Amino acid sequence: MSNNYTKYGTLFQVDQEHFGEFFSLLKDTYLLKSDFFLKQGEKCKYLGFIKSGTIRSFYINDQGREINFGFYFENEFFTDYESILCDTVSNMNIQAIEHCEILLLSKDDLQNLYKKEAYWQKFGRMMSEKIYLDAKKRIDDLLCYSPENRYLNLLKRNPMLVQKIAQKHIASYLGITEQSLSRIRSRIIN
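Residues numbered from 1 in each chain as written. Predicted model: local features only at pLDDT ≥ 70, side-chain atom pairs only at ≥ 80, totals over all residues. Heavy atoms only, no water.

(A) Spotlight on the pattern of salt bridges. For the structure shown, the criterion picks out 12 salt bridges. Across the pair Arg125 and Glu129 runs a salt bridge whose closest N-O atoms are separated by 3.1 Å. Residue Arg125 and its partner Glu129 are both found in helix α5 (residues 118-144); the two are separated by 4 residues, about one turn of the helix. Its relative accessible area of 44% is what places Arg125 among the partly exposed residues. A relative accessible area of 39% places Glu129 in the partly exposed class. Note that Asp141 is salt-bridged to Arg157, the shortest N-O span being 2.8 Å. Of the two residues, Asp141 is situated in helix α5 and Arg157 in helix α6 (residues 147-157); the sequence distance between them amounts to 16 residues. Judged by its relative accessible area of 36%, Arg157 is partly exposed. (Salt bridge = Lys/Arg side-chain N within 4 Å of Asp/Glu carboxyl O. Helix = DSSP H or I, 4+ residues; strand = E, 2+ residues; numbered from the N terminus. Buried < 20%, exposed > 50% of the residue type's maximum accessible area, 1.4 Å probe, protein only.)

So this is what it looks like as structure tokens:
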């Protein structure tokens, strides 16, 4: 257990006293490239943590185009928190961009932890705050920054992005065309 705590304790933000209980609830699983963790119209039942691989979340707009919302890499959590929180079907798709090994915590197990003691309620609040802040950063980027600055901000947060994510997905995430992204990349390189 101490090896797992050394590896994941800080990432999960769980203290050593509670780590064993938390880690025992996690299920190790795999997604192949292009497999879906969640499809639009399904209820999200799990919180995921990426041990290896890359995942994207996206919506399909009313014209049928995919609009990327987020990218998640090794040592990051992902889920459709709205679906979990409100117990509603998701408007989001979550898909593996490459082969992934992930740890899953079921919604029911998470809810049971919240009922056990104040420590887990604080854990849940901290998770909610992080999800809120990540969503706010995403909105701020779209509302306050030019496409070029959005791209630079994205690279700053995730330098490995250009090696792992197709240009069409990055362009969609930035709210621009692939051609505009190519021009931005050319300007930055030159």
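Now that the structure has been shown, we can carry on.
(B) Up close: the packing of aromatic side chains. The full count for this structure, using the stated rule, is 19 aromatic pairs. When the centroid spacing of 4.8 Å and the interplanar angle of 90 degrees are considered together, the rings of Phe12 and Phe49 count as edge-to-face. Here Phe12 is found in helix α1 (residues 2-12), whereas its partner Phe49 is found in strand β3 (residues 46-52), with 37 residues between them in sequence. Residue classification places Phe12 among the buried positions, given a relative accessible area of 2%. With 6.3 Å between their ring centres and 35 degrees between their planes, Tyr72 and Phe78 make a pair best called tilted. The same class applies to Tyr72 and to Phe78, which are both buried. (Phe/Tyr/Trp six-rings, centres within 6.5 Å; stacked < 30°, edge-to-face > 60°.)

(C) Spatial organisation of the sheet that holds β3. Strand order in the open sheet formed by 4 strands is β1-β8-β3-β6, and the pairing between neighbours is antiparallel. Both edges of this open sheet fall to β1 (27-31) and β6 (77-78), since each of them pairs with a single strand only. Pairing geometry for β1 and strand β8 (residues 100-106), over 5 bridges, is antiparallel. Within β8, the residue paired with Asp28 across the bridge is Leu103. Taken strand by strand, helix α4 (residues 107-116) contacts β3 and β8, and its axis lies near 50 degrees from that of β8. (Pairing = 2+ DSSP bridges. Contact = heavy atoms within 4.5 Å. Axes fitted to C-alpha atoms, helices over the stretch in contact; angles between N-to-C directions.)

(D) Summary view of the packing of α4 against α5. Two elements in contact, α4 and α5, have axes separated by 6 Å at closest approach and are oriented at 125 degrees. Relative to α5, the element α4 lies oblique. Where α4 abuts α5, its residues Leu110, Leu113, Tyr114 and Lys116 lie against Trp120, Gln121, Phe123, Gly124 and Met127. Per-class residue counts for the contact of α4 with α5 are 6 nonpolar, 2 polar and 1 charged. (Parallel < 35°, antiparallel > 145°, perpendicular 65-115°, else oblique. Nonpolar A, V, L, I, M, F, W, Y, C, P; charged D, E, K, R; others polar.)

(E) Structural context of a nonpolar patch on the surface. The grouping of Ile139, Leu142 and Leu143 at the surface amounts to a nonpolar patch, some 310 Å² of accessible area in total. Along the chain, Leu142 falls in helix α5. On the accessibility criterion, Leu142 (39% relative accessible area) is partly exposed. (Patch = residues over 30% accessible without salt bridge, like charges linked within 9 Å, V, L, I, M, F, W, Y side chains within 5 Å. Areas by Shrake-Rupley, 256 points an atom, 1.4 Å probe, with all protein chains shown as cover.)

(F) A look at helix α2 (residues 16-24). Of the residues making up α2, those classed as buried are His18, Phe19, Phe22 and Phe23. For α2, the arc enclosing every buried residue in end-on projection is 135 degrees, short of the 170-degree limit, so these residues lie on one face. Looking at the packing, one finds that the buried side of α2 touches α1, β8, α4 and α5. (Arc of directions from axis to C-beta.)

(G) Expanded view of the sheet that holds strand β2 (residues 36-38). Strand order in the open sheet formed by 4 strands is β2-β7-β4-β5, and the pairing between neighbours is antiparallel. Two strands lie at the open edges of the sheet, namely β2 and β5 (66-72), each paired on one side alone. Across the sheet, the mean angle from the axis of one strand to that of its neighbour is 30 degrees, orientation sign disregarded. By the bridge criterion, 2 bridges tie β2 to strand β7 (residues 93-96) in an arrangement that is antiparallel. The residue bridging Phe36 from the neighbouring strand is Gln95, located in β7. Together, β4 (55-60) and β5 form the strand contacts of helix α8 (residues 167-174), whose direction differs from that of β5 by roughly 100 degrees.

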